Amino acid sequence: MKFAQKFFKHPMVIVVLCVIITGFLGFFIKDLQIDNSIRQFLPQKDASYTRLSESEEQFGSMMVIGVSLEANDGSILTPEYLDVIRNITDKTLELKEVSDVDSLTHIDFVCESDGSISASQLIPDTYTGSIEDIEQLKARLNEWDAMYNRVVINDDMSGTQMQITLSPYDKEYEEEYAKTKGKKKIRSEAEMQEGVLDDVTEIVNKAVDGHNLSVKIYGNPTVMQNSRLFMLSDLTRLIPLVIVVVLLSLYFSFKTMDGTLLPLITVVMATTWTMGLMSLFNVTFTLVSSVIPVSLIAVGSAYGIHVLTHYYVALDMTQGELTQEKYNEAVFSGLSEVMKAVLLAGVTTIVGFISLISSPIAPLHSFAVFTAVGVFISLVLSITFIPAILLMKDYSKVQSSRNKKHNLERKSTRLN
């Protein structure tokens, strides 16, 4: 009790400090990096992941973006559409992050030359777009049906696909990229892939504009970008929903302003601190991490509820008219009663989340650590921020609320 009285001697300082920290860490949330690449879910210390990395070093990147073009008015093998394919191919090859493109206009054709086998382009340099050139192209595709069919052309030759292979992630290049763009941080591998996808999408859309073509863009970068959008969409819906549910639960439980708002404010602050720390330590926000805000709001509010419950119990047990001394004693008494239980509940929850570090999946590590950190912050704020706010209240208003409550109870007793 004496320690609590000394610690909360200046409650305003505690409240202001908590608000300042919330604002400081909340400022960094805008820089939080989002990474939803599939590769991060692979056990990176496993032998299979090592073999994958070695294969990429030997044979090049396995990260590709696929582009599918389908003619809505017949065959894709027309001079108009072949010019579109060549345009897309040439433009994407100019991107520094692209190492190779396989398409109808940029793929090898093995043929006989002077009694030996040589490789040339499927569409030769002598191509002019004439009927004869188109027929020659069809003949070559049919000649090597096993090589081209369902690889760069579909069965009825109404559609084609191209495979855009990305260069392996180069941190040095990304540092130069950051300097030229005037950015403080270099792009992560996931951000690089999404940047290339945006560039490719822009090139494709410009190239097909005005042509009767249907376009589909696919591959891991597309999956990653879509999952990012879905994740942000879920967060914008789930966070307000869980806040409303918690608010209603708190209101019907306490039916007071303090009991309704303080536990929620505490967990929102804890969530802000946690997200800010993730950004500050350059920890990427993944599909698994998206659970952190919702789980913290749902789990972390329990500690504030315990503190306020014992606060109200201590007030009810206070005899006579409230004075400043009696009111402060009620706050400290309630905090003292609940302290041990809240600490034990927090420790068990923290240990439970920390145990997920044993998983070989990397995103679960950051989820485990920062959820545990968020629970710890919720616990600390519940036993510091909430009592500080309560100590700043005007005890005469609390006494007025008590009088109204007692009058209602008396009227209710008489009616019964």
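Everything discussed here concerns the structure shown above.
(A) Looking closely at the overall build of the protein. Looking only at helices and strands, the protein features 14 helices and six strands. Burial status across the protein gives 42% buried among its 416 residues. Here the analysis covers contacts within the protein between residues at least 6 apart in sequence; of these, 72% occur between residues at least 24 apart.

(B) Focus on the sheet that holds strand β6 (residues 213–219). Taken together, the four strands give an open sheet; going across it, the order is β2-β5-β1-β6, and neighbouring strands pair in antiparallel fashion. Whereas interior strands pair on both sides, the edge strands pair on one side only; in this sheet they are β2 (98–102) and β6. Within this sheet the neighbouring strands show an average axis-to-axis angle of 20°, counted without direction. Taken together, the four bridges between β2 and strand β5 (residues 159–166) define a ladder with antiparallel strand orientation. Along β5, the bridge assignment pairs Val98 with Leu166.

(C) Highlighting unusual backbone geometry. Phi is positive for Arg150, close to 65°, though the residue is something other than glycine. Take Arg150: its relative accessible area is 63%, and that puts it in the exposed class. The backbone of Asn282 sits at a positive phi, close to 55°, despite the residue not being glycine. Structurally, the position occupied by Asn282 is in the loop between α10 (257–280) and α11 (291–317).

The rules behind these values
Each chain carries its own residue numbering, running from 1 in the written order of its sequence. In keeping with the model being predicted, local features are shown solely for residues with a pLDDT of at least 70 and side-chain atom pairs are shown and tallied solely at 80 or more, while totals for entire chains, interfaces and linings include all residues. Think of the side-chain values as coming from all heavy atoms in the structure, minus any hydrogens and water. Secondary structure is summarised from DSSP: a helix means a run of H or I of at least four residues, a strand means a run of E of at least two, and numbering begins at the N terminus for each. Residue burial is assigned from relative accessible area. The probe radius is 1.4 Å, only protein chains are included, and a residue is buried under 20% of its type maximum, exposed over 50%, and partly exposed in between. Contacts are assigned to residue pairs that have any heavy atoms within 4.5 Å of one another. At least two bridges found by DSSP between two strands are what make those strands a pair. Comment: axis = line fitted to C-alpha atoms, over the contacting stretch for helices; angle = value between 0 and 180 degrees taken between N-to-C directions.

Function-wise, these values are silent; they only describe arrangement.
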